[in-house]
Amino acid sequence: MRIGVIGGGQLARMMAPAVSELDLEFYVLVEALDGAAGKIFPNSTVGEANDIETVLNWVKKNNLDVVTFEHEHVPNYIIDKINDLHVAVYPDKLALRFAQNKILMREKLSEIHLPCPDFTVVKNIGELQVFMQKHGGQAVLKTATGGYDGKGVLVVKEQDSQSLEIASKWFEKSFSSTADINDPEQDPRLLVEELVPFTRELAALVVRSSKGEIKAWDTVESIQENSVCKTVIAPAPDLGKNDKAKKMAIKIAEELGVVGVLAVEMFEVVNSLGISKILINELAMRPHNSGHWTINGSVTSQFENHLRAVAGLPLGNTDRINKEYWTVMENILGSTRKDLRDAKIDAMSVNSSAKINLYGKGIRPGRKLGHINLSGEDLQEVREDVKKIGNIFQGITL
Ligand code: ADP
């Protein structure tokens, strides 16, 4: 199998152990040769995902059988052109559009009767305000496309005039756009959702192969800081026997025909009687930050299973390595240290079971530079050690 991945960030980089184990021919289209994946795969090609000529030349030059992604920002007409070369693209464009476009995703999930926050498409500030009145004078405005790590998400409150001003600018930008609204990845429309008073955020991770086989990992809790994932706890504490989130994710993968890894981000709302309700927030059709724990905490990592799935190979076991263990993943977001490799040497002596995975990226404030994985029986102890290690990258050595 000759597999190509579009995108040269850490998600492509972390496929490396599986490429070796599965003995795949593997080619990455990267933004830069000295980026996270370019450094690991010397046969990478430099090019942008929206540059049709470069993408097609890369597919032909490497004689690819299958193309997959590490991000969803690939215009649909390029996917069509790859298919014209009789090369499979997974997930295919019919599935991928629901991860590219939040309006299409919300409409589809409603159609298959899965629970989402109340939402509607809005064209101007007046329509936004009508929606907000229904929901206590507040809401979340979102761009249909292009959002990540909280970009493209705006909390709007009637009392907060600044938030309304920013919303007006978003509407102006949306209307002045000349993008093709029929391409799910270019759609300039905005949607609004109720602001969910969630108790916590969960993420369910599943993988579906091109042969239709499905496996799921245990649902995790994900904790965000400034809309960016900071910590993941696997499995999510107090999930109960009936993992509703996992069942929903399996249904989505089947109904949408996803091939590869699917991550479903969800809100859990627990009412005063202790009854839990789950609402679906977001879909990602690729390995996802909420699944980095699987590298060390489960029998088969999300990266390996993504490649098995797109290559049509039997999927690997998704069980946790030990049913008694928790695994905590923490992102290293920016660093005050000058040299990350030095910091890593300091961090390694905190706990010899901790796995510190650096992505080979330059330091910038808030940038995802790496992550820490640690498993153990005592969740509090594991969390404390992970925090200590994370602090070393922020120059805190208490
Ligand atoms: P993206 O992943 O594209 O950055 P998301 O839709 O996942 O955007 O939103 C980012 C974060 O914003 C979520 O993880 C959540 O913390 C918050 N958020 C998003 N939508 C809502 C909502 N409807 N209600 C409450 N919080 C929300």
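Residues numbered from 1 in each chain as written. Predicted model: local features only at pLDDT ≥ 70, side-chain atom pairs only at ≥ 80, totals over all residues. Heavy atoms only, no water.

Now for helix 8 (residues 161-176). Here helix 8 is 16 residues long and its end C-alpha atoms lie 23 Å apart, about the 22 Å a rise of 1.5 Å per residue gives. All of the buried residues in helix 8 are Ser163, Leu164, Ala167, Trp170, Phe171 and Ser174. In a view along the axis of helix 8, the buried residues occupy a sector of 110 degrees, so they form one face of it. Exposed side of helix 8, more than 90 degrees from the buried face: Gln162, Lys169, Glu172, Lys173 and Ser176 are the residues found there. At its buried positions, helix 8 is contacted by strand 6 (119-122), helix 7 (125-134), strand 7 (138-143), strand 8 (153-157) and strand 9 (190-193). (Helix = DSSP H or I, 4+ residues; strand = E, 2+ residues; numbered from the N terminus. Expected span 1.5 Å × (residues − 1). Buried < 20%, exposed > 50% of the residue type's maximum accessible area, 1.4 Å probe, protein only. Arc of directions from axis to C-beta. Contact = heavy atoms within 4.5 Å.)

Relative to the elements of secondary structure, Arg208 occurs in strand 10 (residues 200-208). A distance of 3.0 Å separates a polar side-chain atom of Arg208 from the backbone oxygen of Val258. Residues in contact with Arg208, not counting those within four places in the same chain, are Glu213, Ile214, Ala253, Glu254, Gly257, Val258, Val259, Gly260 and Ala309. (Polar contact = N/O pair within 3.5 Å; in protein donor to acceptor, adjacent residues only side chain to side chain.)

Moving on, we come to the site of the ligand. The ligand sits among 18 residues. The nearest are Lys142, Gly150, Glu193, Val196 and Glu201. Residue Lys102 places a side-chain N or O atom 2.9 Å away from an oxygen atom belonging to the ligand. At a separation of 3.5 Å, an oxygen atom of the ligand approaches a polar side-chain atom of Glu265. Here the ligand, which alone exposes 540 Å², has 91% of that area covered by the protein. Elements represented by at least two residues in the shell around the ligand include exactly strand 7, strand 14 (260-270) and strand 15 (276-284). Split by residue class, the shell around the ligand holds 7 nonpolar, 3 polar and 8 charged. (Near = heavy atom within 4 Å. Areas by Shrake-Rupley, 256 points an atom, 1.4 Å probe, with all protein chains shown as cover. Nonpolar A, V, L, I, M, F, W, Y, C, P; charged D, E, K, R; others polar.)

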